[in-house]
Amino acid sequence: MNKYELKYMYEQEATKVENLIDINGKNAHHIQDLYAEIKKKDENIDKLIARLNDKREEVFKLKTIIKSQQEKNLAEYHFPNEVDN
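Cut-offs used in this document
- Residues numbered from 1 in each chain as written.
- Predicted model: local features only at pLDDT ≥ 70, side-chain atom pairs only at ≥ 80, totals over all residues.
- Heavy atoms only, no water.
- Helix = DSSP H or I, 4+ residues; strand = E, 2+ residues; numbered from the N terminus.
- Rg over C-alpha atoms; globule rule 2.2 N^0.38 Å.
- Areas by Shrake-Rupley, 256 points an atom, 1.4 Å probe, with all protein chains shown as cover.
- Lys, Arg positive; Asp, Glu negative; His and termini not counted.
- Charge placed at Lys NZ, Arg CZ, Asp CG, Glu CD.
- Salt bridge = Lys/Arg side-chain N within 4 Å of Asp/Glu carboxyl O.
- Buried < 20%, exposed > 50% of the residue type's maximum accessible area, 1.4 Å probe, protein only.

**Student:** Teacher, can you tell me more about the overall build of the chain here?
**Tutor:** Across its full length, the chain holds 1 helix and 0 strands. The C-alpha atoms of the chain give a radius of gyration of 35 Å, which is well past the 12 Å a tight globule of 85 residues would have. Overall size of the chain, expressed as C-alpha extent along the three principal axes, is 115 × 15 × 5 Å. Total accessible area computed for the chain in this model is approximately 8600 Å², and 57% of it derives from carbon and sulfur atoms. Once the 15 positive and 17 negative side-chain charges of the chain are each reduced to a mean point, those two points are 3 Å apart.

**Student:** How do you make sense of the pattern of salt bridges when you look at a structure like this?
**Tutor:** Two side chains bearing opposite charge may form a pair once their charged atoms approach each other closely. Applying the stated criterion across every chain, the model contains 2 salt bridges. When the shortest N-O distance is used, the salt bridge between Glu13 and Lys16 registers 3.3 Å. Of the two residues, Glu13 and Lys16 both sit in helix α1 (residues 3–78), 3 residues apart, roughly one turn of that helix. The class for Glu13 is partly exposed, based on a relative accessible area of 43%. For the salt bridge of Lys41 with Glu37, the shortest nitrogen-to-oxygen distance reads 3.4 Å. Taken together, the residues Lys41 and Glu37, both in helix α1 and 4 residues apart, mark about one turn of the helix.

Structural data, given as structure tokens:
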């Protein structure tokens, strides 16, 4: 191989390295963007979980009210004189 062939091969390999560095940089930025997006979605999930827990508490309270009302209605039906409204 003469020096021109070596120079050509060197330039080709240098170009490949530069392209790989560019690709690596683009991937790093893409990963950062994805991480930010994941963080936003995690925050949204946390908000939805908190809201779901609040709704579960509300449902539990309503079930308790319904159950007590049903018991009161049954007692009123079977023992009308003993029920305190």
